[in-house]
Amino acid sequence: MIKNNTLEVIKKHNLKLTKTLGQNFLNDDSVVKRIVSAAEIDGRTLVLEVGPGIGSMTKEMASIAAGVVAVEIDKHLIAALNDNLSEFSNIAIINSDIMKVDIEAIINEYKEKYNADRVKVVANLPYYITTPIIMKFLEEVKGIDGMVFMVQKEVAQRMVSKPGIKDYGALSVAVQFYSNPQIMFDVPPHCFIPQPEVHSTVIKLDILDEPPVKVNKELYFKLVKASFGQRRKTLVNGLANAGIFNKSKEQIKHILDSMGLNENVRGEVLSVEKFGELSNLMEQK
Ligand code: SAM
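Position numbers for residues count from 1 along each chain, tracking the sequence in the order it is written. It should be noted that, the model being predicted, local features are given only for residues of pLDDT at least 70 and side-chain atom pairs only at 80 or more, the latter also being counted only at that level, while totals for whole chains, interfaces and linings use all residues. The side-chain quantities take in all heavy atoms of the structure and omit both hydrogens and water.

1. A closer look at the domain arrangement of the protein chain
Think of interface size as the accessible area that goes away when the parts come together; that is how it is often given. Selection rule: Domain start and end points were adopted from an automatic or database domain assignment. For any pair of parts, buried area is found by adding up, for both, the accessible area (1.4 Å probe) each one loses once the two are put together. Salt bridges are defined as contacts in which a side-chain nitrogen from Lys or Arg sits within 4 Å of a carboxyl oxygen from Asp or Glu. In the analysis that follows, any N or O atom pair within 3.5 Å is treated as a polar contact, provided that within protein one partner can donate a hydrogen and the other can accept it, and provided that, for residues neighboring in sequence, both atoms belong to side chains. Under the convention adopted here, Pro, Cys and the residues Ala, Val, Leu, Ile, Met, Phe, Trp and Tyr are nonpolar, Asp, Glu, Lys and Arg are charged, and Gly plus all remaining residues are polar.
Considered domain by domain, the protein chain is made up of domain 1 (6–207) and domain 2 (217–283). Domain 1 and domain 2 are separated by 35 Å when their C-alpha centres are compared. Taking both partners together, domain 1 and domain 2 bury about 930 Å²; carbon and sulfur atoms supply 72% of that area. Per-residue buried area on domain 1 facing domain 2 is highest for Tyr168, Val173 and Phe177; these three make up 51% of the total on that side. Taken together, the links from domain 1 to domain 2 amount to 0 salt bridges. Scanning the region where domain 1 abuts domain 2 turns up 2 residue pairs in polar contact (both at pLDDT 80 or more). When grouped by side-chain class, the residues that make up the side of domain 1 that touches domain 2 number 7 nonpolar, 3 polar and no charged.

Structure (structure tokens):
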């Protein structure tokens, strides 16, 4: 295992960490090791890391993987990163915002460069932008074999939540439409420099070959959004108000009835599959 030197690197390069960029760096070797092990990386794997920070996880992954390509937004960290990772020839650093890069183009380029045949995404995510980053990977990027993310504990719980459980919402449906999410382990604040105010959880997303339901994706996600957007409203009212499908309350009640659902049902009891059934019925003339 590679020895952690977070504090040393921060001091050596006189780094000022930026709270607004979610810069809480891991300072615990055993947590780094457990994240890397959860990602199931081998010598044929290209790892795409979001936000390497000063490279604590990057190093550990590069010692096992075919190669690591890491996208870091903060230009002030690049010199420290290059210095800290100088002993590795299979790491590429890209100084960019992950939301603005062409991820598929990066994957294809570095898969070829490092002669890798599978791709894992691993990140201790900046918490201010966790959901947009995860959704970008799930919705827009093909060719990823698995993802392991450290996120805020509450967000992990929302991602794995099932219908009828408190945290179930649009994020649960979206994540479970594309993947099988599993909670791996929790990480307390004292494992980071500086310590965050929240607890963290490592979550693994196994990408599904096919979504669990065949739907018109655009309409499906509009329907899911409308169903959870107005939580205190019944599904009938929420959907009639959203006006996505041009259906009257009576027509919506009729559709719910044909699915064996009561007219007072709320969105939070519908599974990913039931939302699919509803979306397909609502789409019919
Ligand atoms: N991986 C390091 C670790 O575990 O110690 C750092 C993790 S820190 C929670 C999040 C990192 O993401 C920071 O280095 C931050 O600068 C970077 N970051 C924040 N927003 C980003 C973005 N939009 N694109 C790429 N990197 C970003």
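2. Points about the packing of helix H10 (residues 235–242) against helix H11 (residues 249–258)
In plain terms, the rule: The axes are straight lines fitted to the C-alpha atoms, using for helices just the contacting stretch, and the angles between their N-to-C directions are given from 0 to 180°. Each helix is a run of DSSP H or I of at least 4 residues and each strand a run of E of at least 2, with the numbering of both proceeding from the N terminus. Roughly parallel refers to an angle under 35 degrees, roughly antiparallel to one over 145, roughly perpendicular to one between 65 and 115, and oblique to any angle outside these ranges. By definition, turning the near helix anticlockwise from the far helix through less than a right angle yields a left-handed crossing, and turning it clockwise yields a right-handed one. Only heavy atoms matter for contacts: two residues are in contact if any of them lie within 4.5 Å across the pair.
Relative to each other, H10 and H11 sit at 135°, their axes nearing to 9 Å. Accordingly, the angle class assigned to the pair H10 and H11 is oblique. Seen along the crossing, H10 lies across H11 with a hand that is right-handed. Contact residues: H10 offers Leu235, Val236, Asn237, Leu239 and Ala240, while H11 offers Lys249, Ile252, Lys253 and Leu256. For the contact of H10 with H11, the per-class residue count stands at 6 nonpolar, 1 polar and 2 charged.

3. Regarding the nonpolar core
Definition in use: Take the buried Ala, Val, Leu, Ile, Met, Phe, Trp, Tyr and Cys residues and link them wherever side-chain atoms come within 4.5 Å; each set so joined is a nonpolar core. Each residue is assigned to one of three classes by its accessible area relative to the maximum for its type, calculated with a 1.4 Å probe on protein chains only: buried under 20%, partly exposed between the two thresholds, exposed over 50%.
Of all hydrophobic cores here, the largest spans 67 residues; its most connected members are Phe137, Phe149, Val151, Tyr220, Phe275 and Leu278. In terms of residues, this core owes the most to one element, helix H9 (residues 217–229), which gives 7 residues. Shared between two domains, this core takes at least three residues from each, and those domains are domain 1 (6–207) and domain 2 (217–283). Residues contacting Val151, with those up to four places away along its chain left out, are Leu125, Tyr127, Thr130, Ile134, Ala156, Met159, His199, Ser200, Thr201 and Ile203. The next biggest cluster of nonpolar side chains, apart from the first, holds 27 residues, and it includes Ile41, Val47, Leu85 and Phe88.

4. Structural notes on the sheet that holds strand S5 (residues 118–124)
To keep it simple, the criterion reads: Should DSSP find at least two bridges between two strands, the strands are regarded as paired.
Taken in spatial order, the 7 strands of this open sheet run S4-S3-S2-S5-S6-S9-S7, and their pairing is mixed. Both outer strands of the open sheet, strand S4 (91–95) and strand S7 (179–187), are each paired with one neighbouring strand and no more. Going from strand to strand, the sheet's axes swing by 20° on average, the running direction of each strand aside. Along the sheet face, helix H5 (residues 103–113) touches strand S2 (45–50), strand S3 (67–72), S4 and S5 and points at about 140° away from the line of S2. Each of S7 and strand S9 (200–207) touches helix H8 (residues 170–178); the most contacted strand, S7, lies at about 115° to it.

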